[in-house]
Amino acid sequence: MHRNKKAGKRSRKLLKWIQRYAGYWHLICTPGCDLDMTVTRNIIHSLAENGLHEFIFVLMTVHREKEFLKNLSSFLNLDLMLEEIRRQDMDEIVRMLDENLR
């Protein structure tokens, strides 16, 4: 029962956000729409401020063909790889690259 209450609360939170930011929600869900970096940044901040972080990834996935999001993904991947290199040895990094290139 506790899980259902939590899910219901979460759903109400999302629906309130959608009601308040209907234009943002339309942009999140509509591939190929006129979305720029400034609006994307505003959407990301709004989602984060409301604890709706998973929808940031929805936004990035739906609009993954936008050039500025492709570039962002490349930078994030490089940053994450550098962090892995700091935490692990290069042999482990090579193993991970090999696995992901199969």
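Residue numbers restart at each chain and count upward from 1, following the sequence in its written direction. Given that the model is predicted, a residue must reach a pLDDT of at least 70 before its local features are reported, and side-chain atom pairs must reach 80 or more before they are shown or counted; all residues, however, enter totals for whole chains, interfaces and linings. Side-chain metrics rest on all non-hydrogen atoms present in the structure, leaving aside hydrogens and water.

1. Regarding the packing of aromatic side chains
For clarity, the cut-off: Pairing of aromatic side chains here covers Phe, Tyr and the six-membered ring of Trp, requires ring centres within 6.5 Å, and sorts the geometry by plane angle: under 30 degrees stacked, over 60 edge-to-face, intermediate tilted.
Summed over all chains, the structure comprises four aromatic pairs. Here Trp17 and Tyr21 contribute two aromatic rings whose centre-to-centre distance is 5.2 Å and whose plane-to-plane angle is 35 degrees, an arrangement assigned as tilted. Each residue in the set Trp17, Tyr21, Tyr24, Trp25 and Phe55 is aromatic and connected to the rest through ring pairs, giving one cluster.

2. Section: the confidence of the model for the protein
To keep things clear, this is the line we draw: One confidence number per residue, pLDDT, is output by the predictor and ranges from 0 to 100. Secondary structure is summarised from DSSP: a helix means a run of H or I of at least four residues, a strand means a run of E of at least two, and numbering begins at the N terminus for each.
Considering every residue of the protein, the mean pLDDT works out to 86; 96% of them sit at 70 or more. Summarising per-element confidence for the protein, the mean pLDDT is lowest in helix 6 (residues 90-100) (73) and highest in helix 2 (residues 22-29) (97).

3. A look at the nonpolar core
Rules: Residues grouped as a nonpolar core are buried Ala, Val, Leu, Ile, Met, Phe, Trp, Tyr and Cys residues, joined through side-chain atoms within 4.5 Å. When accessible area is computed with a 1.4 Å probe and restricted to protein chains, residues below 20% of their type maximum are described as buried, those above 50% as exposed, and intermediate ones as partly exposed. Throughout, a residue-residue contact means that at least one pair of heavy atoms, one from each residue, lies within 4.5 Å.
Membership of the largest hydrophobic core comes to 16 residues, with the highest contact counts inside it found for Trp17, Ile28, Leu35, Ile43, Leu47 and Leu52. When contributions to this core are tallied by element, the ones reaching two or more residues are helix 1 (2-20), helix 2, helix 3 (37-49), helix 4 (54-62) and helix 5 (67-87). Element by element, the count of residues in this core is highest for helix 4, at four residues. Trp17 has contacts with Tyr24, Trp25, Ile28, Ser46, Leu47, Asn50 and Leu52, leaving out every residue within four places of it along the chain.

4. Describing a nonpolar patch on the surface
The test is simple: Residues enter a patch when their relative accessible area is above 30% and they make no salt bridge; the linking distance is 9 Å between like charges and 5 Å between nonpolar side chains (Val, Leu, Ile, Met, Phe, Trp, Tyr). Per-residue accessibility takes into account occlusion by the displayed protein chains alone, with areas from the Shrake-Rupley method and a 1.4 Å probe. Any Lys or Arg side-chain nitrogen located within 4 Å of an Asp or Glu carboxyl oxygen qualifies as a salt bridge.
Taken together, Met81, Leu82, Ile85, Leu97 and Leu101 make up a surface patch of nonpolar side chains, about 450 Å² in accessible area. Looking at the element boundaries, Met81 is found in helix 5.

5. Considerations on the layout of surface pockets
The condition that has to hold: Cavity and pocket criteria rest on a 1 Å grid covering protein atoms alone: a 1.4 Å probe that fits but cannot get out defines a cavity, protein on both sides within 12 Å along at least 5 of 7 lines defines an open pocket, and an atom within 4 Å of a point defines a lining residue. Grid points are joined across faces, edges and corners, and a volume is the space filled by probe spheres set on the points. Put simply, Ala, Val, Leu, Ile, Met, Phe, Trp, Tyr, Cys and Pro go in the nonpolar bin, Asp, Glu, Lys and Arg in the charged bin, and everything else, Gly too, in the polar bin.
Counted as a void, the largest pocket has a volume near 170 Å³. For the lining of the largest pocket, the secondary structure elements donating two or more residues are helix 3 and helix 5. At five residues, the largest contribution of residues to the lining of the largest pocket is made by helix 3. Here the lining of the largest pocket is composed, by residue class, of five nonpolar, three polar and one charged.

6. What to know about the pattern of salt bridges
Evaluation of the coordinates by the stated rule reveals two salt bridges. With a closest N to O distance of 2.4 Å, Glu54 and Arg10 form a salt bridge. Of this pair, Glu54 sits in helix 4 while Arg10 sits in helix 1, and the two are 44 residues apart along the sequence. According to the relative accessible area criterion, Arg10 is partly exposed, its value standing at 30%. With its nearest N and O atoms 3.5 Å apart, the salt bridge here joins Lys70 to Glu65.

7. Description of the environment of Val39
By the secondary structure assignment, Val39 is in helix 3. Under the relative-accessibility criterion, Val39 is labelled partly exposed at 23%. For Val39 and Tyr24, which are 15 residues apart along the polypeptide, the C-alpha to C-alpha distance reads 8.4 Å. Those residues in contact with Val39 that lie beyond four places of it in its chain are Tyr24 and Leu27.

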